[in-house]
Amino acid sequence: MSPRAAVIYSPRYYSDIGPHVFPVEKFRLLHEQLIHAGDVPLEEVIEPAPASREELLQVHTPAYLEDLERLRWTERTAMSELPLSHQIVHAYVLMAGGTVRAAREALARGAGINLGGGFHHAFADRASGFCYINDIAVAIRALQREGRIRRAAVVDLDVHQGNGTAVIFQRDRDVFTFSMHQEHLYPVKEISDLDIGLDDHIGDEDYLALLATALPRVLEAHEPELVVYQAGADPYQDDQLGSLGLTMDGLERRDRAVLEGCARLGIPVVVTLGGGYARRVSDTVRIHLHTCRVALGLGAPPRAPA
Ligand SMILES: [Zn+2]
């Protein structure tokens, strides 16, 4: 059976960022596991083209893009918590292309999964956090510009607020930004269309109840023609950067609430990975794997006893 959702990936999502809390090997590990477990045949994985300069310019300023191209350390690039190299810049531009491709596939097939992306801290004119290019915004703008969608929504469930995405779309009434995140945590908060700031250590049931009250406002009231889901793995209870209390099971129920909610309403959905800094990289990869499986409509395998 051919999966309904398209899977987008390139080995060049990896770039050498040196010793870092951001596990850039997770892209490769996730791809490997999806292939080895038979979730998706290798030949069906789509290798994306890098986002074009035109596509990037729909979101980012020329001065900032020029800094990235020329590897200039300026006030625009220095807010990143990453090194700057051609390999790194290329990986971000490629992952933005991956989210654009996933969005195009989503319109045709119902869902598109980028095994990367979700870089929601990047602003139009500067880097922030571990984010150089806001692939979420690039994808939405690309499809709007092609006239394929007008209204879109971002469902950002990373432990960190989607600050860059919020600002980029602040004056755009066609794009609804929803972020549910740990309140007392990086970054300085911006204003999304709907923000839910969570207390530290919130558990599965309280989290899922809040999500259930918010989703109708995003998916039903706004009536988006495309949803981009930033499925960060960092609300996990063993994350090194966040301190929410979600279990793997809770995170999978979160994914089902979003993805099955979109499917029920017939809204095409794009999945991007976002953050994930569990003490064990294998945990982060497993959380992303579960998200992919929900999107592929295959369901996660029974969990091993704890
Ligand atoms: Zn995060």
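Structure shown above.
Keep in mind it's a predicted model, so treat the numbers as computed, not measured.

This part is about the overall build of the protein chain. Within the protein chain, the regular secondary structure consists of nine helices and seven strands. On C-alpha atoms alone, the protein chain measures out to a radius of gyration of 17 Å, which is about the 19 Å that the 2.2 N^0.38 rule sets for 306 residues. Projecting the C-alpha coordinates of the protein chain onto the three principal axes gives extents of approximately 50 × 40 × 40 Å. Put simply, the protein chain has 306 residues, and 59% of those count as buried. Partitioning the contacts of the protein chain with sequence separation of at least 6, the portion at a separation of at least 24 is 74%. Approximately 12,300 Å² of the protein chain is accessible, and the part contributed by carbon and sulfur atoms is 50%. Distance from the positive charge centre (30 side chains) to the negative charge centre (42 side chains) of the protein chain: 3 Å.

It is worth spelling out the packing of helix α8 (residues 248-265) against helix α9 (residues 281-296) at this point. Relative orientation of the contacting elements α8 and α9 amounts to 30°, with a least axis distance of 9 Å. What the angle tells us is that α8 and α9 run roughly parallel. As for how α8 packs across α9, the hand of that crossing is right-handed. Side by side, α8 and α9 meet where M248, L251, E252, R254, D255, R256 and L259 of the first sit next to D283, R286, I287, H290, T291, V294 and A295 of the second. Of the residues contributing to the contact of α8 with α9, the split by class is six nonpolar, two polar and six charged.

Turning to the sheet that holds strand β6 (residues 226-230), a few remarks are in order. Sheet strands line up and pair through hydrogen bonds in the backbone, either parallel or antiparallel. Within the open sheet, the seven strands sit side by side as β1-β2-β7-β6-β3-β4-β5. Their pairing is parallel. The sheet is open, and its two borders are formed by β1 (6-8) and β5 (194-198), each paired with just one other strand. Here the strands of the sheet are splayed against their neighbours by 10° on average, with no regard to which way each runs. Relative to strand β4 (residues 175-182), strand β3 (residues 152-156) runs parallel, the two sharing five bridges. The residue of β4 that forms the bridge with V155 is F178.

Before going further, it helps to examine the coordination of the zinc ion. Distances from the zinc ion to its protein donors, namely D158 (OD), H160 (ND1) and D234 (OD), fall within the range 1.9 to 2.1 Å. Taken in sequence order, the residues that donate to the zinc ion follow the motif D-x1-H-x73-D. Taken together, the positions of D158 in the loop between β3 and α6 (163-168) and D234 in the loop between β6 and α8 put the pair 76 residues apart, joining distant regions of the chain. Assigned by exposure class, D158 and D234 land together as buried.

Bringing the state of the cysteines into the picture now. One pass over the structure, following the stated rule, counts zero disulfides. C292 carries a free sulfur, and the closest cysteine sulfur to it, the one in C262, is 15 Å from it. Overall, the relative accessible area of 1% leaves C292 in the buried class.

What counts and what doesn't
Residues numbered from 1 in each chain as written. Predicted model: local features only at pLDDT ≥ 70, side-chain atom pairs only at ≥ 80, totals over all residues. Heavy atoms only, no water. Helix = DSSP H or I, 4+ residues; strand = E, 2+ residues; numbered from the N terminus. Rg over C-alpha atoms; globule rule 2.2 N^0.38 Å. Buried < 20%, exposed > 50% of the residue type's maximum accessible area, 1.4 Å probe, protein only. Contact = heavy atoms within 4.5 Å. Areas by Shrake-Rupley, 256 points an atom, 1.4 Å probe, with all protein chains shown as cover. Lys, Arg positive; Asp, Glu negative; His and termini not counted. Charge placed at Lys NZ, Arg CZ, Asp CG, Glu CD. Axes fitted to C-alpha atoms, helices over the stretch in contact; angles between N-to-C directions. Parallel < 35°, antiparallel > 145°, perpendicular 65-115°, else oblique. Left-handed = near helix turned anticlockwise from the far one by under 90°. Nonpolar A, V, L, I, M, F, W, Y, C, P; charged D, E, K, R; others polar. Pairing = 2+ DSSP bridges. Donors = N, O, S within 2.8 Å, 3.2 Å for Na, K, Ca; no water. Disulfide = S-S within 2.5 Å.

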